[in-house]
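Listed below, chain by chain, are the residues.
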Amino acid sequence: MNLTLKVWRQKGPNDAGKLVEYSAQGVSPDMSFLEMLDVVNEGLIKKGEDAIAFDSDCREGICGMCSLVINGQPHGPELGTATCQLHMRTFSDGDTIVVEPFRARAFPPVKDLAVDRSAFDRIMQAGGYVSVNTGNAPEANANLISHHVAEKAMDAAACIGCGACVAACPNASAMLFVAAKVSQYALLPQGQPERTRRALKMREAMDDEGFGNCSNEYACEAACPKEIKVSNIARFNREHLKASVCSEE
Amino acid sequence: MTEGKCASKCRLTSFMTSSLGKKFTVGAAGFLLGGFLVVHLAGNLFLFVGEGAFNHYAETLSNNPLLPAAEIALAALFLAHIVFALKVRFENAKARPVAYEVYEAKGGRTIGSKSMAVSGVLVLAFLIIHLKTFRFGDDKDGLYKLVMEWFKNPFYSGFYVLALAGLGLHLSHGFQSGFQTFGLNHPRYTPLIKKAGLVFAALIFLGFASMPIYFGFLRAP
């Protein structure tokens with residue numbers, strides 16, 4: 001496969017950045033998108049040019065480190081997969097592919113396609129944890145959780161924190177991410193002690209980072225590589241309302 | 001245990017200035033305005049009954065001593081809906097300072113959801129013109145005659161129908177969006193709520209648009 005790439009190049013956080021055209025020759029359809037970029041980078045390095053900076057780590061869709069907006073879609077055109085799981089067979093010979101970073105004020109650019117997503121870490125620090133008591137492990141059957149609820153909590157906990165929801169949102173809102181984290185704890189007994197504070201604190205941290213406001217368009221759900229549902233956003237709205245209005249804490 | 005900013009600040013202020021609280025206000029005001037639309041439409045349909053019935057309705061309404069209070073409350077709802085929606089909108093514009101060269105949603109977005117700002121501004125423009133012509137218009141010969149006079153103007157009636165299409169589009173997203181913002185989402189009912197929102201939007205559009213279309217275009221000499 002021979003492809004034309006238009007890649008966002010930006011020397012640093014304060015550089016304006018622009019799309020630069022590269023030609024990718026002899027690309028195997030079995031390569032992942034990141035492997036294709038590796039090959040392009042090898043060519044650039046051999047020519048003495050600066051390699052394209054992009055994030056990746058596990059390359060098997062579980063770490064949430066890879067990003068990229070490919071032809072206007074975070075993680076590319078496939079549903080329910082991360083960029084590292086996107087294979088070149090999805091594209092056709094001769095295609096032009098536009099590659100951009102995740103764009104949001106709260107995700108400041110680092111270089112080229114790499115952006116700083118530590119805003120998510122700060123939101124997690126604000127409330128994405130549970131108290132763990134010291135002492136012996138409790139008896140496993142002491143806390144009964146229905147299968148249905150456990151599944152919902154697990155579905156929310158599948159969020160890998162990649163930020164595709166923010167990248168896909170027309171308002172760069174982080175609601176799906178925060179909602180998934182609030183939900184995974186709110187659904188389980190372990191998350192109850194901090195339940196009220198968590199909803200308030202994580203919302204506060206989210207607002208402080210400069211993310212946009214959710215307008216319920218659900219582009220996030222469609223873009224999520226882990227298919228996190230927007231029903232979590234409703235739960236977060238509920239948790240936050242309850243915490244704001246009803247809680248005496 | 002109470003600690004931190006959340007507890008020290010007044011809860012209500014904190015809620016109202018939060019991203020979720022602002023949206024809640026937009027949604028709550030929007031829902032009440034939706035209720036007003038239903039009542040307004042029901043009253044307007046007296047146009048089809050005849051001049052006497054419509055004028056009697058209009059006079060009874062304007063002679064009601066509670067009307068000024070209701071109008072102030074209604075204006076406050078509009079103001080809350082518009083001000084908070086604008087605030088949310090401006091914040092959203094700031095949240096992505098560098099736009100994508102190519103942007104294509106994989107799903108979720110609808111024509112209604114994409115055009116909320118445009119349809120909102122259209123409805124606001126309509127509202128201002130509508131108030132000027134009918135609420136504060138010269139109806140010494142009865143409101144019926146004034147309405148008929150304006151509907152005979154094809155530009156006015158055309159704009160009226162266009163703006164109502166904008167209102168329908170606005171409601172097609174706003175109805176279901178409100179439920180989600182209030183935290184009401186359920187695998188069984190949410191698909192129904194979405195359908196009900198589309199039906200409500202269509203009924204409001206058809207109900208209000210039927211009047212300028214019938215009196216302005218179909219029945220006009």
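Computed from a predicted model, the values in this text were never measured in an experiment.

(A) A look at the overall build of chain A. Looking only at helices and strands, chain A has eight helices and seven strands in total. With the principal axes as the frame, chain A shows a C-alpha extent of 65 × 35 × 35 Å. Accessible area for chain A stands at about 10800 Å²; split by element, carbon and sulfur atoms hold 49% of it. Between the centroid of the 25 positive side chains of chain A and the centroid of its 32 negative side chains there is a distance of 3 Å.

(B) Structural view of the layout of surface pockets. Of the volumes computed, that of the second largest pocket is approximately 540 Å³. The wall of the second largest pocket is formed by 25 residues, among which Lys152(A), Lys229(A), Ser231(A), Asn185(B) and Pro187(B) lie closest to the centre. For the lining of the second largest pocket, the secondary-structure elements that each account for two or more residues are helix H3 (147–157) and helix H8 (231–245) of chain A together with helix H9 (154–181) and helix H10 (190–218) of chain B. Tallied by class, residues from the lining of the second largest pocket come to eight nonpolar, eight polar and nine charged.

(C) Up close: the sheet that holds strand S1 (residues 3–9) of chain A. Residue and element names in this part refer to chain A. Taken together, five strands build an open sheet; the order of strands is S2-S1-S5-S3-S4 and the sheet is mixed. A strand with exactly one partner marks an edge of an open sheet, and here the two such strands are strand S2 (18–24) and strand S4 (73–74). Here strand S3 (residues 69–70) runs beside strand S5 (residues 96–100); their pairing, made up of two bridges, is antiparallel. Note that in S5 the partner of valine 69 across the bridge is glutamate 100. Packing of helix H1 (residues 33–46) onto the sheet brings it into contact with S1, S2, S3 and S5, and relative to S1 it is tilted by some 80°.

(D) Quick peek at the interface of chain A and chain B. If you look at the interface, chain A gives 59 residues, while chain B gives 44 residues. Across the interface of chain A and chain B, roughly 4300 Å² is buried in total on both sides, 50% from carbon and sulfur atoms. Of all residues in chain A, Arg103(A), Asn213(A) and Glu217(A) give up the largest surface area on contact with chain B, accounting jointly for 15% of the area buried on that side. Our count for the chain A to chain B interface comes out at one salt bridge. Notably, a salt bridge pairs Arg109(B) with Glu217(A), separated by 2.8 Å at the nearest N-O pair. Taken together, the elements giving at least two residues each to the side of chain A that touches chain B come down to S4, S5, helix H4 (164–168), helix H6 (195–208), helix H7 (219–223) and H8 of chain A. When residues in the side of chain A that touches chain B are grouped by element, the largest group, ten residues, is from H8(A). A class-by-class count of the residues in the side of chain A that touches chain B yields 31 nonpolar, 15 polar and 13 charged.

(E) Inspection of the pattern of salt bridges at higher detail. All names here are of chain A. Scanning the model with the defined rule gives 18 salt bridges over all chains in all. The partner of glutamate 100 in a salt bridge is arginine 103, with the nearest N and O atoms 2.9 Å apart. Owing to a relative accessible area of 0%, glutamate 100 belongs among the buried residues under this scheme. Aspartate 207 is paired through a salt bridge with arginine 203; the nearest N and O atoms lie 3.1 Å apart. You can see aspartate 207 and its partner arginine 203 sitting in helix H6, four residues apart, about one turn around the helix.

(F) Quick look at the environment of Gly168(B). Residue and element names in this part refer to chain B. Its place among the elements puts glycine 168 in helix H9. Residue class for glycine 168 comes out buried when judged on its relative accessible area of 9%. In sequence terms glycine 168 and isoleucine 204 are 36 residues apart; their C-alpha atoms lie 6.7 Å from each other.

(G) Representation of the pairing of S5(A). Residue and element names in this part refer to chain A. With four of its five residues buried, S5 lies for the most part within the structure. The pairing of S1 with S5 spans four bridges and is parallel. Counted as the bridge partner of threonine 4 is threonine 96 from S5.

(H) Representation of the environment of Ile193(B) in the model. Residue and element names in this part refer to chain B. Within the secondary structure, isoleucine 193 is located in helix H10. By relative accessible area, which is 16% here, isoleucine 193 ends up buried. When the C-alpha positions of isoleucine 193 and isoleucine 204 are compared, they lie 16 Å apart, and in sequence the two are eleven residues distant. With sequence-adjacent residues up to four places away left out, isoleucine 193 is seen in contact with Phe175, Gln176 and Phe179.

(I) Inspection of H1(A) at higher detail. Residues and elements named next belong to chain A. With 14 residues, H1 extends 20 Å from end C-alpha to end C-alpha; this agrees with the ideal 20 Å at 1.5 Å per step. For H1, the set of buried residues is Phe33, Leu34, Met36, Leu37, Val40, Asn41 and Leu44. Across the axial projection of H1, the buried residues extend over an arc of 150°, all falling on one side. Counted as exposed and oriented over 90 degrees from the buried face of H1: Ile45 and Lys46. Positive backbone phi, at 80°, marks glycine 48, one or two positions downstream of H1.

Cut-offs applied
Residues numbered from 1 in each chain as written. Chains lettered and ligands numbered in written order. Predicted model: local features only at pLDDT ≥ 70, side-chain atom pairs only at ≥ 80, totals over all residues. Heavy atoms only, no water. Helix = DSSP H or I, 4+ residues; strand = E, 2+ residues; numbered from the N terminus. Areas by Shrake-Rupley, 256 points an atom, 1.4 Å probe, with all protein chains shown as cover. Lys, Arg positive; Asp, Glu negative; His and termini not counted. Charge placed at Lys NZ, Arg CZ, Asp CG, Glu CD. 1 Å grid on protein atoms, 1.4 Å probe; cavity = no way out; pocket = protein on both sides within 12 Å on 5 of 7 lines; lining within 4 Å. Points joined across faces, edges and corners; volume = space filled by probe spheres on them. Nonpolar A, V, L, I, M, F, W, Y, C, P; charged D, E, K, R; others polar. Pairing = 2+ DSSP bridges. Contact = heavy atoms within 4.5 Å. Axes fitted to C-alpha atoms, helices over the stretch in contact; angles between N-to-C directions. Buried area = accessible area lost by both parts, 1.4 Å probe. Salt bridge = Lys/Arg side-chain N within 4 Å of Asp/Glu carboxyl O. Buried < 20%, exposed > 50% of the residue type's maximum accessible area, 1.4 Å probe, protein only. Expected span 1.5 Å × (residues − 1). Arc of directions from axis to C-beta.

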